[in-house]
Amino acid sequence: QVQLVESGGGLVQQGGSLRLSCAASGFAFGDYSIKWYRQAPGKERERVSCISANGLTTQYEDPVKDRFTVSRDNGKNMVYLQMNNLEPEDTAVYYCARSRLGYGCVWDSRLVDAWGQGTQVTVSS
């Protein structure tokens, strides 16, 4: 079955760094773009980043530009989100998601067909 499992979250001080991982299984990983979303309590889910199937194209939302870096290793069926200079506003549950085949990094949650369980990131001030 299609499965995405996030890991690497935790508690970090303001200004610190974390690297999130997303392990994929049950599908041809190298054929799919992967998106990162996040959701804080009481807030709507928001998009964070996207990486194309071959890893050559990346996208970032303004709040994380110049601080976060998305990458992937198709040989290991892994995608990563390196988060630097973290701020309390980054506190949220972070999810990786599979974009529907052929849609790449189009930002529309309707084009997501699989989600991970999420990993908690907490940034203290």
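Before reading on, note that the structure itself is shown above.
The shown structure was predicted, so the numbers you read here are calculated from the model rather than taken from an experiment.

Draft legend 1. Quick look at the nonpolar core. Membership of the largest hydrophobic core comes to 27 residues, with the highest contact counts inside it found for Trp-36, Phe-68, Val-79, Leu-81, Met-83 and Tyr-94. Secondary structure elements with two or more residues in this core: β3 (18–25), β4 (34–39), β5 (46–51), β7 (68–73), β8 (78–83), β9 (92–99) and β11 (119–124). Ranked by the residues each element gives to this core, the list is headed by β3, at four residues. Here Phe-68 is in contact with Arg-38, Val-48, Tyr-60, Leu-81, Gln-82, Met-83, Asn-84, Leu-86, Asp-90 and Tyr-94, once residues within four sequence places are set aside. Formed by six residues, the second largest nonpolar core is a distinct cluster that contains Tyr-37, Cys-50, Ala-97 and Trp-107.

Draft legend 2. Looking closely at the sheet that holds β7. The four strands lie next to each other as β1-β3-β8-β7, forming an open sheet whose pairing is antiparallel. Taken across any chain shown, the strands that pair with only one partner, and hence form the sheet edges, are β1 (3–7) and β7. Neighbour to neighbour, the strand axes of the sheet diverge by 15° on average, direction disregarded. In this structure, β3 lies alongside β8, joined through six bridges in antiparallel fashion. Opposite Ala-23, over in β8, you have Met-78 as the bridge partner.

What counts and how
Residues numbered from 1 in each chain as written. Predicted model: local features only at pLDDT ≥ 70, side-chain atom pairs only at ≥ 80, totals over all residues. Heavy atoms only, no water. Core = buried A, V, L, I, M, F, W, Y, C linked by side-chain atoms within 4.5 Å. Buried < 20%, exposed > 50% of the residue type's maximum accessible area, 1.4 Å probe, protein only. Helix = DSSP H or I, 4+ residues; strand = E, 2+ residues; numbered from the N terminus. Contact = heavy atoms within 4.5 Å. Pairing = 2+ DSSP bridges. Axes fitted to C-alpha atoms, helices over the stretch in contact; angles between N-to-C directions.

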